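This is what each chain is made of:
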Amino acid sequence: MSESLLSVARVEDGPERLRLCLTGELDLYSTTALDDAVVAAEGEKWPVLCLDLSALAFLDSAGLRVILRTQARAEQDGRRLVLRRGPEAVDRVFRLTGLERELEWVDDAPAPDAPAPGS
């Protein structure tokens, strides 16, 4: 089986937030690329990390696992993880698993002073 292609581009949306724009497929074969990018961002201590799924073509359970681990670490560190919606095929995975209600969704990267849900 060949490796899937995933591109992760960094976009600094100001001093308080970093957006990681995902393009391609987030699956078992490509989760390392996302995990490496997230760990690097976490080391830089960005208060808000946005995973932009708008150009993601495919997402499987391994990709979900990376997103959920990222969310857990963000909560532990007092930071926010927000997700920008992807195409229907990607959004459907979140709806079917019930995770759509568990994660924070934005139309775009949030303003730095935007309160976290439940604050």
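Located above this text is the structure these notes cover.
What counts as what
- Residues numbered from 1 in each chain as written.
- Predicted model: local features only at pLDDT ≥ 70, side-chain atom pairs only at ≥ 80, totals over all residues.
- Heavy atoms only, no water.
- Helix = DSSP H or I, 4+ residues; strand = E, 2+ residues; numbered from the N terminus.
- Axes fitted to C-alpha atoms, helices over the stretch in contact; angles between N-to-C directions.
- Parallel < 35°, antiparallel > 145°, perpendicular 65-115°, else oblique.
- Contact = heavy atoms within 4.5 Å.
- Pairing = 2+ DSSP bridges.
- Right-handed = clockwise from strand over helix to strand, strands pointing away.

Novice: Where do I start with unusual backbone geometry in this structure?
Specialist: The bulk of non-glycine residues show a negative phi, and the bulk of peptide bonds are trans. Although it is not a glycine, Lys-45 sits at a positive phi angle of roughly 60°. Of note, Lys-45 is situated in the loop between helix H1 (31-43) and strand E3 (48-59).

Novice: Got a minute to help me understand the packing of H1 against helix H2 (residues 61-77) in this structure?
Specialist: For any two helices packed against each other, the geometry is given by the interaxial angle and the distance between the axes. With their axes 10 Å apart at the nearest point, H1 and H2 run at an angle of 10° to one another. Taken as axis vectors, H1 and H2 run roughly parallel relative to one another. Residue-level inspection shows Thr-31, Leu-34, Asp-35, Val-38, Val-39 and Glu-42 of H1 in contact with H2, the latter providing Ala-62, Gly-63, Val-66, Arg-69, Thr-70 and Arg-73.

Novice: Explanation requested: the pairing of E3 in the structure shown.
Specialist: With nine bridges connecting them, strand E2 (residues 17-26) and E3 associate as parallel partners. Residue pairing for E3: Thr-23 is matched across the bridge by Ala-55. Note on the crossover from E2 through H1 to E3: the handedness is right-handed. Taken together, the five bridges between E3 and strand E4 (residues 80-84) define a ladder with parallel strand orientation. Residue pairing across strands places Asp-52 opposite Arg-84, the latter belonging to E4. Traced from E3 through H2 to E4, the parallel crossover comes out right-handed.

Novice: In this structure, what is going on with the sheet that holds E3? I would like to understand it.
Specialist: Note: strands within a sheet are paired through backbone hydrogen bonds, in either parallel or antiparallel orientation. If you trace the five strands from one edge of the open sheet to the other, you get E1-E2-E3-E4-E5, paired in mixed fashion. Either end of the sheet is taken by a strand with one partner, and the two such strands are strand E1 (6-12) and strand E5 (105-106). In terms of strand pairing, E4 meets E5 through two bridges, oriented parallel. Of the residues in E5, the one forming a bridge with Leu-83 is Trp-105.

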